[in-house]
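Structural overview
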Amino acid sequence: MAQYASILFSMILVNNFVLVKFLGICPFLGVSKKFDSAVGMGFAVTLVMVLAIAVTWPIQQLLDAWGLEYLQTIAFILVIATLVQLLEMAMKRYLPPLHASLGVFLPLITTNCAVLGVTILTIDEGYTYPQALVAGLGAGLGFLLAMVIFSGVRRRVEEAEPPEVFQGMPITLISAAITAMSFMGFSGVIDHLFGA
Amino acid sequence: MNSIVLTIALVGCIGLVGSVILVFASKKLAVQEDERLADVLAILPGANCGSCGYPGCEGYAKAMLAGAPVNSCGPGGASAAQRLSELLGVDAGDVVVKRAIVACRGTADRVVLQERAVYHGAHSCRIYATMGHLSDGCTDGCIGYGDCMATCPYGAISLNKNHVAVVDPAVCIGCGLCTTICPRHLISLVEKSDVDEVSFVLCHNTLTGKRAKDSCANTCLGCRKCVKVCPQHCIEVVDNVAHIDISKCVGCKVCMGVCPEGAIYPLSWVSKPA
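Residues numbered from 1 in each chain as written. Chains lettered and ligands numbered in written order. Predicted model: local features only at pLDDT ≥ 70, side-chain atom pairs only at ≥ 80, totals over all residues.

1. Focus on helix α1 (residues 2-14) of chain A
Cut-off, in case you're wondering: For every residue, the other C-beta atoms within 10 Å of its own C-beta are counted; 20 or more classify it as buried, 12 or fewer as exposed, and values in between as partly exposed. C-beta atoms are placed from the backbone. Helical segments are the DSSP runs of H or I of at least four residues, strand segments are the runs of E of at least two, and each set is numbered from the N terminus. Throughout, a residue-residue contact means that the two C-beta atoms, derived from backbone geometry, are no farther apart than 7 Å.
Among the residues of α1 of chain A, Ile7, Ser10, Met11, Ile12 and Leu13 of chain A are the ones counted as buried. Buried residues in α1 of chain A make contact with α7 (129-159) and α9 (189-194) of chain A.

So, in structure tokens, the structure goes:
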């Protein structure tokens, strides 16, 4: 149990996909402007990550057995694209306001490197199937956490009225860098907590 | 050979399973969209100008399908309203023709231009207007940096040789974007009545007498001569400026004849090709 908790929390905090590994920056900067859409995007990515690992992990076993490891990228992208398409349809049907506010960033989860990254990295780590699923959940929740924190940061920054030259993307990138630095403080925390 | 077959089989299987799932999902999760929406959007000009009062052409199209009147599209005009009414089976109604008008005629030697010469700030009416400065001249007239010109998506506004913004009625579609930009609130939207040409006071100068005359040669003095002669009683003077209610104006032009300063001008609408 401690092992799963260790994987979950290290994925959320120590190996946070956005703020430590710098994957999935595009939606992180694009959709973090409003709290609601940031949360929606966070959950959408979490769902896609867990589902993607649930499907790609067995496929990887197949690839290993047949000696077709070089097909990893294209097979995984295919699976992720299908899942994202499915998610978009479901969201358009059941959550039209969220669908409208996420806009183009929803189909762009397909090419979100965080999703492809989590599927490949869990396999590189040699996780078992349940471990991989927990890692996917942790990566998704880490993405959600980063989105939520950063939407708060951005609101504060905008209210503070930065000088004109910094307004918009420049100050966003600077504050993203500082937020990422704050996450460096988590390195080593999990090792001590769970003694892994 | 074997590995090629396996490769094709594996990727093909993943693709096939994925597409089967998606086909079922698209049937199951299909959103009921009114099939007329695409037709309505095809009729609308797609300028997304907002003159209808809805967020973009798509917003207006959805509103029309929900029962909004079909005659609100400025750029589309009467022909679009006619086609929309045929498509949706509702009454077209009368299309209100609107155009913007800058209520200032200015002069080449008006005081604001002399004051502008010593101003070294940004080249913008709105920024200029926020600067606190004392002025001997008219503080209600066109500043002439052309913020409205930059705002107009159709290029209907230009600056004349006196540095006064002028709206070209042949191009203006009456979207009203410029009316919110002018820091002196000189631009207004006027709706066409039954008359093709009405009188309009091209001045907002609230100064009186000699001060008004010194600041600009084309100023309304607020002398009320036009008020007295108007057969329709549609002119009133507020804050030393005459205002003509153009919905009542019959275009007799009597007021133009009596105005000592020539501040009243004919205002016309150009019938645009459908």
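2. Some words on the pairing of strand β6 (residues 235-238) of chain B
Residues and elements named next belong to chain B. Heads up, the rule is: By this definition, two strands are paired if DSSP reports at least two bridges between them.
Where β6 lies against strand β7 (residues 241-244), four bridges are found, and the strand directions are antiparallel. Of the residues in β7, the one forming a bridge with Glu236 is His243. A loop of two residues connects β6 with β7, the two strands running antiparallel in sequence, and Asp239 in this loop sits at a positive phi of about 55°.

3. Side note on the environment of Gly59 of chain B
All names here are of chain B. Structurally, Gly59 is set in helix α3 (residues 56-65). Residue Gly59 is classed as partly exposed on the basis of its 15 C-beta neighbours within 10 Å. Distance in space between the C-alpha atoms of Gly59 and Leu41 is 9.8 Å, their sequence separation being 18 residues.

4. Concerning the interface of chain B and chain A
Heads up, the rule is: Amino acid classes used here: Ala, Val, Leu, Ile, Met, Phe, Trp, Tyr, Cys and Pro are nonpolar; Asp, Glu, Lys and Arg are charged; the rest, including Gly, are polar.
With 14 residues of chain B at the contact, the number on the chain A side is 16 residues. Among the residues making up the side of chain B that touches chain A, the classes are represented as nine nonpolar, five polar and no charged.

5. Some thoughts on helix α4 (residues 72-94) of chain A
Rules: Helix span, as expected, comes to 1.5 Å for every residue beyond the first.
Across its 23 residues, α4 of chain A extends 33 Å between first and last C-alpha, which sits within 8% of the 33 Å expected from 1.5 Å per residue. Among the residues making up α4 of chain A, those that are buried are Ala75, Phe76, Val79, Ile80, Thr82, Leu83, Val84, Gln85, Leu87 and Met91 of chain A. Against the buried residues of α4 of chain A lie α3 (35-66), α5 (96-102) and α6 (113-124) of chain A together with α1 (2-28) of chain B.

6. Considerations on unusual backbone geometry
All names here are of chain B. Even without a glycine there, the phi angle at His163 is positive, about 60°. With respect to the element layout, His163 can be found in the loop between β2 (157-159) and β3 (165-167). Residue class for His163 comes out partly exposed when judged on the 18 C-beta atoms lying within 10 Å of it. The phi dihedral of Asp239 is positive, around 55°, even though this residue is not glycine. Note on placement: Asp239 falls in the loop between β6 and β7.

7. Section: the nonpolar core
Which entries qualify depends on this criterion: Any set of buried Ala, Val, Leu, Ile, Met, Phe, Trp, Tyr and Cys residues joined through C-beta atoms within 7 Å is what this text calls a nonpolar core.
Ranked by internal contacts, the top residues of the largest apolar core, which has 55 residues, are Val48, Ala52 and Val115 of chain A. Contributions of two or more residues to this core are made by α1, α3, α4, α6 and α7 of chain A. Ignoring sequence-local partners within four residues, the contact set of Ala52 of chain A consists of Val79, Ile80, Leu83, Val115 and Thr119 of chain A. If you look at the next biggest cluster of nonpolar residues, it comprises 48 residues, including Ile101, Tyr128, Ile143 and Leu186 of chain B.

8. Examining the packing of α7 of chain A against helix α8 (residues 169-184) of chain A
All names here are of chain A. For the record, the criterion: Only the stretch in contact is used when fitting a helix axis, every axis being a line fitted to C-alpha atoms; angles between N-to-C directions are given from 0 to 180 degrees. An angle below 35 degrees is treated as roughly parallel, one above 145 as roughly antiparallel, one from 65 to 115 as roughly perpendicular, and anything else as oblique. Two helices that cross are described as forming a left-handed crossing if the nearer one is turned anticlockwise from the farther one by less than a right angle, and a right-handed crossing if clockwise.
In contact at an axis separation of 10 Å, α7 and α8 are set at 135° when each is read in the N-to-C sense. Classed by the angle they form, the pair α7 and α8 counts as oblique. For the crossing formed where α7 meets α8, the hand is right-handed. Two secondary-structure elements touch here, α7 through Ile149, Phe150, Val153, Arg154 and Val157 and α8 through Ile171, Thr172, Ser175, Ala176 and Thr179. Classifying every residue of the contact of α7 with α8 gives six nonpolar, three polar and one charged.

9. Quick word on the packing of α4 of chain A against α6 of chain A
All names here are of chain A. Running from amino to carboxyl end, α4 crosses α6 at an angle of 125°, the nearest separation of the two axes being 10 Å. The angle between the axes of α4 and α6 places the two elements in the oblique class. The handedness of the crossing between α4 and α6 comes out as right-handed. Across from Gln72, Phe76, Ile77 and Ile80 in α4, the residues of α6 making contact are Val115, Leu116, Thr119 and Ile120. Classifying every residue of the contact of α4 with α6 by side-chain character gives six nonpolar, two polar and no charged.

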